[in-house]
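Chains, contacts and geometry: an overview
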Amino acid sequence: MTTDQAMTINESREADEAAIHTVLAGVYQAWDAGDADAFVAAYTEDASAILPGSYRGSREEIRQTMADGFASYLKGSTTTNRIDQLRFLGPDAAVVVSETGILFPGESEVPTNRIANATWVLERRARGWLVAAYHNSPANAG
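Presented here is an overview of the structure given in this document.

About the cut-offs
- Residues numbered from 1 in each chain as written.
- Predicted model: local features only at pLDDT ≥ 70, side-chain atom pairs only at ≥ 80, totals over all residues.
- Heavy atoms only, no water.
- Core = buried A, V, L, I, M, F, W, Y, C linked by side-chain atoms within 4.5 Å.
- Buried < 20%, exposed > 50% of the residue type's maximum accessible area, 1.4 Å probe, protein only.
- Helix = DSSP H or I, 4+ residues; strand = E, 2+ residues; numbered from the N terminus.
- Contact = heavy atoms within 4.5 Å.
- 1 Å grid on protein atoms, 1.4 Å probe; cavity = no way out; pocket = protein on both sides within 12 Å on 5 of 7 lines; lining within 4 Å.
- Points joined across faces, edges and corners; volume = space filled by probe spheres on them.
- Nonpolar A, V, L, I, M, F, W, Y, C, P; charged D, E, K, R; others polar.
- Expected span 1.5 Å × (residues − 1).
- Arc of directions from axis to C-beta.
- Phe/Tyr/Trp six-rings, centres within 6.5 Å; stacked < 30°, edge-to-face > 60°.
- Lys NZ or Arg CZ within 6 Å of the ring centre and 35° of its normal.
- Pairing = 2+ DSSP bridges.
- Axes fitted to C-alpha atoms, helices over the stretch in contact; angles between N-to-C directions.
- Salt bridge = Lys/Arg side-chain N within 4 Å of Asp/Glu carboxyl O.

Let us look at the nonpolar core. With 27 residues, the main nonpolar core has Ile 20, Phe 39, Tyr 43, Ile 62, Met 66, Trp 120 and Leu 122 as its most contacted residues. The element contributing the most residues to this core is helix 1 (residues 3–33), with seven residues. Setting aside anything within four residues of it in sequence, one finds Trp 120 in contact with Leu 24, Val 27, Tyr 28, Tyr 43, Ala 94, Val 95, Val 96, Ser 98, Val 131, Ala 133 and Tyr 134.

The following block contains the structure:
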């Protein structure tokens, strides 16, 4: 591989990393706005989401769950998010590991029992990088 080829690959990965960060930022912003449609806008049709005690097997199931949540117990909530790792599994797939927490109205910090570790699987499709799968688990299971 020539130096020019290596630079092109690195530049491409930088662009991919920026695009993935933009996708996740959009998901986080949609949560903060309580907008279920925007929340799943960058999900694949066949996306899945696994959270403790629940499984959602499509973008529509995820959207409906979020719409129900935003209309009730998640109303007015926001999230804190930190990306800890982003790695590529090939030219069109990536895994992101993050830490997330839910802040409810009036809270200034997330209680320890509401901090979760999350895994995002993204794939590049014709319309760009999309979330194909999401899973989270309490960070402090003890």
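Reported here for the largest pocket is a volume of approximately 670 Å³. If you go around the largest pocket, you meet 30 residues; those closest to its centre are Trp 31, Leu 51, Ile 102, Tyr 134 and Asn 136. Taken together, the elements giving at least two residues each to the lining of the largest pocket come down to helix 1, strand 1 (43–51), strand 2 (54–56), helix 3 (59–71), strand 3 (78–90), strand 4 (93–103), strand 5 (115–125) and strand 6 (128–138). It is strand 6 that contributes the most residues to the lining of the largest pocket, four residues altogether. Here the lining of the largest pocket is composed, by residue class, of 19 nonpolar, nine polar and two charged.

With 13 residues, helix 3 ought to run about 18 Å at 1.5 Å a step, and its terminal C-alpha atoms sit 18 Å apart, in line with that. Taken residue by residue, helix 3 has Arg 59, Ile 62, Arg 63, Met 66, Gly 69 and Phe 70 as its buried positions. Along the long axis of helix 3, the arc covered by the buried residues comes to 130°, so they all point the same way.

So, about the environment of Ala 133. Tracing the sequence through the fold places Ala 133 in strand 6. On a C-alpha basis, the gap between Ala 133 and Arg 56 in space is 9.8 Å, while along the polypeptide they are 77 residues apart. The residues touching Ala 133, leaving out its near neighbours within four places in the chain, are Ser 48, Thr 119, Trp 120 and Val 121.

Another aspect to go through is the packing of aromatic side chains. Applying the stated rule across the entire model yields seven aromatic pairs. Centroid distance Trp 120 to Tyr 134: 4.5 Å. Interplanar angle 65°. Geometry classified as edge-to-face. Of this pair, Trp 120 sits in strand 5 while Tyr 134 sits in strand 6, and the two are 14 residues apart along the sequence. A network of ring pairs unites the aromatic residues Trp 31, Phe 39, Tyr 43 and Phe 70 as a single cluster. Lying across the ring of Phe 88, Arg 13 places its NZ or CZ 3.7 Å from the centre.

In sheet architecture, strand pairing relies on hydrogen bonds along the backbone and comes in two forms, parallel and antiparallel. Reading across from one edge, 2-1-6-5-4-3 is the order of the six strands in this open sheet, with mixed pairing throughout. Here the strands that pair on one side only, and so sit at the sheet edges, are strand 2 and strand 3. When strand polarity is set aside, the average angle formed by the axes of neighbouring strands in this sheet is 15°. With respect to the sheet, helix 3 is in contact with strand 1 and strand 2, its orientation differing from that of strand 1 by roughly 55°.

Attention now goes to the pattern of salt bridges. Under the counting rule described, the total for this entry stands at 11 salt bridges. For Arg 13, the salt bridge identified is with Asp 16, shortest N-O distance 3.0 Å. Here Asp 16 and Arg 13 lie together in helix 1, a separation of three residues that amounts to about one turn. With relative accessibility at 18%, the residue Arg 13 sits in the buried group. Under the relative-accessibility criterion, Asp 16 is labelled buried at 5%. As a salt-bridge pair, Arg 59 and Glu 45 come within 2.1 Å of each other at their nearest N and O atoms. Taken together, the positions of Arg 59 in helix 3 and Glu 45 in strand 1 put the pair 14 residues apart, joining distant regions of the chain. Overall, Arg 59 belongs to the buried group, its relative accessible area being 19%. Take Glu 45: its relative accessible area is 54%, and that puts it in the exposed class.

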